[in-house]
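# Analysis of the macromolecular model
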Amino acid sequence: MSGIVTVYGGSGFVGRHIARHLAREGWRVRVACRRPNEAMFVRPYGVPGQVEPTFCNIRDDTGTGAAMRGTDAVVNCVGTFDASGANSFEPVHVHGAGRIARIAAEHGIFRMVHISAIGADEAGESEYARTKARGEREILRHQPKAMILRPSVVFGSEDMFFNRFAGMAKFCPALPIVGADTKFQPVHVDDLARAASAGVLRQHSGVYEIGGPEIKTFRELMTDMLATIQHRRMIVNIPFWAARVMAGAFRVGSTLSGGLLRAPITGDQVSGLRNDSVVSKGSQTLADLGIDATPVGAVIPEYLWRFRPSGQYAAIKNSARNLRA
C-alpha cells in the first residue's frame, strides 16, 4: 500500500530520514514543521511534488489537523531537550503527542508511528524520561494500535552526539564527559527510519526498543570516536554531583543572557545520564522487523573525517607515509 503520510517533525534529524524512506516506498509525504521555508531541502527526496513541507505547530489543534487532512498515516518525530519555555517537555512530549493521536483518531486515521526514547518511564529520574512515558500513554489512549519506537542514542551524519564531541576534541586538550560508565546501544538513524517506515507500510503495533548491535560505555564510545578522528585526548569523567553544580551555573548564565548562551548540559540531562540506554530483555527489537542493525564503526568514519588533523587528506597522507617507510 502507498498513500499520503504526514511526518510531524519531518525536517529534523530523524524525521528527514523517515520522510526519505517513505518517499522511496512510493508514499506522498507531508513534512509538517514550524519553519517550512527552511525545510525545502526535503523536496528532492522524491519526484516533483511528492515530498512537500507544510507549516504546523503541534501546540495548536487547527494547524495539527490541517497538516493531516486527507492523509492515510501519521508519524510523530517531534521531540525536545528544552526543559523550559513554550516548546519544553510537557507541551511537546505529552500534549503535542496526544494532540496528534487524538486528531488522527478524529480523522479516522489509525496507522500511526511515534518516536519515543529508551528509558521512557513515568517514575524516571529525568523529566525527559517521565514526559516521554506520559506521551506514550496519551498516544495509546487515542491510538491503541500505534507503533511506538524507543531508540537509544541515534547516530548519523547530522547527529548531535558524535559530531558534538568530535568538535570539542578538535580544539580542547581534554574531553570532559558526564557518566563515563553509562552504557549506550547506539542505533544508526537509517535503521530507525527503516523501522518507522515498516510501521507505516505494514501497520505494526506495540512498543519496539531500538538499539544497534553493540553495547558500550560512554567512555568506550568516545575512545572509538577519538580513534576515528585521529586525535589523542584524555577523557575526563565529571562526577554527577559536580555536573549538577555546573548545570546550575550554566542555567543561570543562560537566563542572564536572555537565552543567547545555550547551556552545554542541563540538570535534567545529568539525571538522565545516570541510567543506561540499552534495549531491555524481552523487548521487540529491530530483529523482529527483519532489520540488521548497523555498527557504529561502519558509519562514523564517513562523516567524522572532517575533524581529523588533515581532514579529507588524512588517508592520502597515511598512505604516503607508509610508502616512505
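Keep in mind the model is a prediction, meaning the values are calculated, not measured.

### Considerations on the overall build of the protein chain
In terms of helices and strands, the protein chain carries 11 helices and 13 strands. Referenced to the eigenvectors of the C-alpha coordinate spread, the extents of the protein chain come out at roughly 65 × 50 × 40 Å. Residue pairs in contact within the protein chain that sit at least 24 positions apart in sequence constitute 76% of those at least 6 positions apart. In the form shown here, the protein chain has an accessible surface area of approximately 15400 Å², with 53% of it arising from carbon and sulfur atoms. Here the protein chain carries 39 positive and 29 negative side-chain charges, and the mean point of each set is 6 Å from the other.

### Considerations on the packing of aromatic side chains
One pass over the structure, following the stated rule, counts 9 aromatic pairs. Geometrically, the ring pair formed by Phe 161 and Phe 162 is edge-to-face, given 4.9 Å between the ring centres and 75° between the ring planes. Judged by its relative accessible area of 10%, Phe 161 is buried. Judged by relative accessible area, Phe 162 falls into the buried class, the value being 0%. Look at Phe 161 and Phe 184: their rings are 6.1 Å apart centre to centre, the planes differ by 50°, and that puts the pair in the tilted class.

### Structural notes on the nonpolar core
Within the largest apolar cluster, 35 residues are counted, with the highest numbers of intra-cluster contacts made by Val 5, Ile 18, Leu 22, Val 29, Val 75 and Leu 149. Only β1 (4-8), α1 (13-24), β2 (28-33), β4 (73-76), β5 (112-115), β6 (147-151), α6 (189-202) and β11 (206-210) provide two or more residues apiece to this core. Ranked by the residues each element gives to this core, the list is headed by α6, at 6 residues. The residues touching Val 5, leaving out its near neighbours within four places in the chain, are Leu 22, Trp 27, Arg 28, Val 29, Arg 30, Ala 73, Val 74 and Val 75. Listed in part, the 32 residues of the second largest apolar core include Ala 242, Ala 247, Val 296 and Val 299.

### With respect to the pattern of salt bridges
For the structure on display, the rule yields 16 salt bridges. Between Glu 90 and Arg 134 there is a salt bridge, with its nearest N and O atoms 2.5 Å apart. Of this pair, Glu 90 sits in helix α3 (residues 89-106) while Arg 134 sits in helix α4 (residues 127-142), and the two are 44 residues apart along the sequence. Across the salt bridge formed by Glu 138 and Arg 141, the nearest N and O atoms sit 3.0 Å from each other. Of this pair, Glu 138 and Arg 141 both sit in helix α4, separated by 3 residues, roughly a single helical turn. Residue classification places Arg 141 among the exposed positions, given a relative accessible area of 56%.

### With respect to the environment of Arg 232
As for its placement among the helices and strands, Arg 232 is situated in the loop between α7 (218-229) and β13 (234-238). Residues Arg 232 and Leu 175 lie 57 residues apart in sequence; the distance between their C-alpha atoms is 9.9 Å.

Reading the values: the criteria
- Residues numbered from 1 in each chain as written.
- Predicted model: local features only at pLDDT ≥ 70, side-chain atom pairs only at ≥ 80, totals over all residues.
- Heavy atoms only, no water.
- Helix = DSSP H or I, 4+ residues; strand = E, 2+ residues; numbered from the N terminus.
- Contact = heavy atoms within 4.5 Å.
- Areas by Shrake-Rupley, 256 points an atom, 1.4 Å probe, with all protein chains shown as cover.
- Lys, Arg positive; Asp, Glu negative; His and termini not counted.
- Charge placed at Lys NZ, Arg CZ, Asp CG, Glu CD.
- Phe/Tyr/Trp six-rings, centres within 6.5 Å; stacked < 30°, edge-to-face > 60°.
- Buried < 20%, exposed > 50% of the residue type's maximum accessible area, 1.4 Å probe, protein only.
- Core = buried A, V, L, I, M, F, W, Y, C linked by side-chain atoms within 4.5 Å.
- Salt bridge = Lys/Arg side-chain N within 4 Å of Asp/Glu carboxyl O.

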